[in-house]
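# Chains, contacts and geometry: an overview
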Amino acid sequence: MIKVEHLKEKLISQAQEVSRLRSELGGTDLEKHRDLLMVENERLRQEMRRCEAELQELRAKPPGPCPGCEHSQESAQLRDKLSQLQLEMAESKGMLSELNLEVQQKTDRLAEVELRLKDCLAEKAQEEERLSRRLRDSHETIASLRAQSPPVKYVIKTVEVESPKTKQALSESQARNQHLQEQVAMQRQVLKEMEQQLQSSHQLTARLRAQIAMYESELERAHGQMLEEMQSLEEDKNRAIEEAFARAQVEMKAVHENLAGVRTNLLTLQPALRTLTNDYNGLKRQVRGFPLLLQEALRSVKAEIGQAIEEVNSNNQELLRKYRRELQLRKKCHNELVRLKGNIRVIARVRPVTKEDGEGPEATNAVTFDADDDSIIHLLHKGKPVSFELDKVFSPQASQQDVFQEVQALITSCIDGFNVCIFAYGQTGAGKTYTMEGTPENPGINQRALQLLFSEVQEKASDWEYTITVSAAEIYNEVLRDLLGKEPQEKLEIRLCPDGSGQLYVPGLTEFQVQSVDDINKVFEFGHTNRTTEFTNLNEHSSRSHALLIVTVRGVDCSTGLRTTGKLNLVDLAGSERVGKSGAEGSRLREAQHINKSLSALGDVIAALRSRQGHVPFRNSKLTYLLQDSLSGDSKTLMVVQVSPVEKNTSETLYSLKFAERVRSVELGPGLRRAELGSWSSQEHLEWEPACQMPQPSARAHSAPSSGTSSRPGSIRRKLQPSA
């Protein structure tokens, strides 16, 4: 108990010592040092304000020196030094604030150590109080037990002397004695445990004392370091202030001397200032007139630049014109080479997008053109661009006249005795019939060709006598029919002329002589009404047959007796189609099958001609058999491939353009002119002899006319007379 009380007293004394040290450290040294720093800071501020006031006075007294003066440079240097002093002052303020912050941090740390020490002391006091209570309880228990032991022994001894009657009481006393001894043993054990706890308490007290000593040493060390740092900072501050003050005095003295020199210089510079003022006024007057000079210079420069631009544009236009002329010459030479080689010329025409194509992604335009080359066409098929090169490509904006201008040279060669074949190829709804036949307001190649022939015949009427006859036929379901005959449904056959010339003709094919444009219109109207057209999903007026317009031009030179015979075959092929897309059923399905079969046969013929095979399968189809003369080498042939530009038809467009490229590579050889020289009677004999002498009253064998006349009934018979 005495040791515990002594430990309590020592802890209390240590706490009082720590409180005293804290009060002395925090309230005496730190606060005094902080007050000294604040006073010193205030003194420095006042000194800085005084220096700034002096600087303002110096700035306000004399006017600014002229640029480039030596004194102005010295003044600038002094201002720089003054700004450096101000920066050093600001750095001193920052160091002072850092010291204040460090003092505050150490004060907070000391307070934290004191709080931890108080907590440890409180815990130690509670533990000692608990141990003291237990120790007192143990002493009291031991004392009570010691006080009870002699009576028990006395009773035991007494019972031994007493009579045996008291054995029961003795046994009870022994049991109670045993119980008390057990309690004494238990109390001794408790006392031993309490002594161990007291020993551990002494050890904890020793550790706490060691921690307190360590905290005290740390506080003393921190206090000493802080005092040393404060002293060193104070010395540095005083030294920096003294140095700055000395420099400021020296610099201020130099500034006063420089200002005196500046005043003397200003007095000497007044004449120079007057001269500069006069020069400035002169320059000002010159500047007032400068905008006019600048505008005139700009106008002249703009004129020169505009003239240069015009010259460059004219040169560019001239180069562009020459380039286009060279391009046309190159194409002309290429076409002449193709003509000499006898290649089949191929042109493509893209129809416009119509409302029948619908809307949405499937109706978007998938065909583009080359701006610099009108023989290139680009197709976007399944996301991949494919390019094709043909002889000519017409965009949807091209007119009927534009297309006809490309083919009229071939048509006029028919008058000179050449065989010419123009046929339109493409899928259903691509615009083949529109290109070949057109409309009454905007006719196609057929009618324009006959009009051109009539105009050429009229120009040569003074030297030549021409006869123009027209026949029209169609191939429907592999059956050749006469569109101008009495019975359009009558089947016709293609025969070889028995004269051994190898020429083909159609017995019974009606032939009308035309002499004016009105005759042409009537023939076209009559033939168009007999042609087979039906409605499909792809075209409202789909041509279900191959239509052939055969124009024969016979001419005689009145002066020389030269006789020529030219034949113009204008073919409007039926459209290739997919049965699934066209929705053909029943008879329409049979028609589609026959159309696709004949077009496949045409493809086989083109492939055989392209690979120069010995056998060309012309007889696989009525179409190819009838076009044998046009595809066998003695004819000028041109194909117009019609394509659709919309996305949903790209597969058919791709097939048509590939077929067109294959056709373009076929070489037929140069065309042969059919001309004979002889007397008028011999000419007539030579001309009519290949006809196999098959005159008919109302119709004439194609390419074998008779001398009889036809008397076909009906309005067209009254207006048109067959050729005699």
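These lines cover the structure that appears in this document, whether it is placed above or below. Everything numeric here is computed off the predicted structure, so don't read it as measured data.

On to the packing of helix H9 (residues 587-610) against helix H12 (residues 650-664), then. For any two helices packed against each other, one specifies the crossing angle of their axes together with the interaxial distance. Running from N to C, H9 and H12 cross one another at 40°; their axes reach a closest spacing of 9 Å. The orientation of H9 relative to H12 falls into the category oblique. Handedness of the H9/H12 crossing: left-handed. From H9, Leu602, Gly603, Ile606 and Arg610 reach across to H12, where they touch Phe659, Arg662 and Val663. Residue composition of the contact of H9 with H12, grouped by class: four nonpolar, one polar and two charged.

All right, on to the side chain of Arg448 then. Structurally, the position occupied by Arg448 is in helix H6 (residues 445-459). Buried and without a salt bridge, Arg448 has Asp402 as its closest oppositely charged side chain, separated by 8.9 Å. In this structure the side chain of Arg448 is engaged in a polar contact, spanning 2.8 Å, whose partner is the backbone oxygen of Pro443. With residues up to four places along the chain from it excluded, the contact list for Arg448 reads Gln400, Gln401, Phe404, Asn442 and Pro443.

So, about the sheet that holds strand E3 (residues 376-381). As summarised here, the arrangement of the three strands in space is E2-E3-E4, forming an open sheet in which the pairing is antiparallel. Single-partner strands in this sheet number two, and they are strand E2 (367-369) and strand E4 (384-389). Along the sheet, successive strands turn relative to each other by an average axial angle of 25°, direction set aside. Sheet topology places E3 next to E4; six bridges connect them, and they run antiparallel. Residue pairing in the sheet places Ile377 in a bridge with Phe388 of E4.

Definitions and cut-offs
- Residues numbered from 1 in each chain as written.
- Predicted model: local features only at pLDDT ≥ 70, side-chain atom pairs only at ≥ 80, totals over all residues.
- Heavy atoms only, no water.
- Axes fitted to C-alpha atoms, helices over the stretch in contact; angles between N-to-C directions.
- Helix = DSSP H or I, 4+ residues; strand = E, 2+ residues; numbered from the N terminus.
- Parallel < 35°, antiparallel > 145°, perpendicular 65-115°, else oblique.
- Left-handed = near helix turned anticlockwise from the far one by under 90°.
- Contact = heavy atoms within 4.5 Å.
- Nonpolar A, V, L, I, M, F, W, Y, C, P; charged D, E, K, R; others polar.
- Buried < 20%, exposed > 50% of the residue type's maximum accessible area, 1.4 Å probe, protein only.
- Lys, Arg positive; Asp, Glu negative; His and termini not counted.
- Salt bridge = Lys/Arg side-chain N within 4 Å of Asp/Glu carboxyl O.
- Polar contact = N/O pair within 3.5 Å; in protein donor to acceptor, adjacent residues only side chain to side chain.
- Pairing = 2+ DSSP bridges.

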